[in-house]
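Descriptive structure summary
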Amino acid sequence: MIGIKLANQTFNAPIAKIMRKYISDSISDIKLKVINGEYIYACDYIDSEGIKTIIAIQQDMETNGIDSKIYEHDEITTIEFLNNLLTSYKKTEQQIEMEIDDEVLWEKNSICIR
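Note that the structure is predicted; figures quoted are calculated from it, not measured.

Take the pairing of strand S1 (residues 2-6) next. The element S1 is extensively covered by neighbouring structure, given that four of its five residues are classed as buried. Where S1 meets strand S2 (residues 41-43), three bridges bridge the pair, whose relative direction is antiparallel. Its bridge partner lying in S2, isoleucine 4 is registered against tyrosine 41. Relative to strand S3 (residues 68-72), S1 runs antiparallel, the two being bridged by five bridges. In the strand pairing of S3, glycine 3 is matched with tyrosine 71.

Together, Ile96, Ile100 and Val104 make up a nonpolar patch on the protein surface, roughly 270 Å² of accessible area in all. With respect to the helices and strands, isoleucine 100 occurs in helix H4 (residues 79-113).

How each quantity is defined
Residues numbered from 1 in each chain as written. Predicted model: local features only at pLDDT ≥ 70, side-chain atom pairs only at ≥ 80, totals over all residues. Heavy atoms only, no water. Buried < 20%, exposed > 50% of the residue type's maximum accessible area, 1.4 Å probe, protein only. Helix = DSSP H or I, 4+ residues; strand = E, 2+ residues; numbered from the N terminus. Pairing = 2+ DSSP bridges. Patch = residues over 30% accessible without salt bridge, like charges linked within 9 Å, V, L, I, M, F, W, Y side chains within 5 Å. Areas by Shrake-Rupley, 256 points an atom, 1.4 Å probe, with all protein chains shown as cover. Salt bridge = Lys/Arg side-chain N within 4 Å of Asp/Glu carboxyl O.

Have a look at this one:
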């Protein structure tokens, strides 16, 4: 799991405004997550869209002077790590697409040979 928490467990309006851009949780639920030091957003390790959301949340928080920390399996990590994950996922996706294309081409050629 990958998630983001706020470094300070103090809730304020800018935090609510930022989070409402990304999740539909009520403001009181967001406030409870912040006060309890819980993840304000989390996703699976292989959820590239979720990872992109975490990066965007962290950048919005930073822009507004709010300190946040990104975690990978409960250990602090960096945006660089997440970007490397996304790059890896993209390369894997491209490789799979190439292999599928090659397989389709091979099947198409073997039908023509018959």
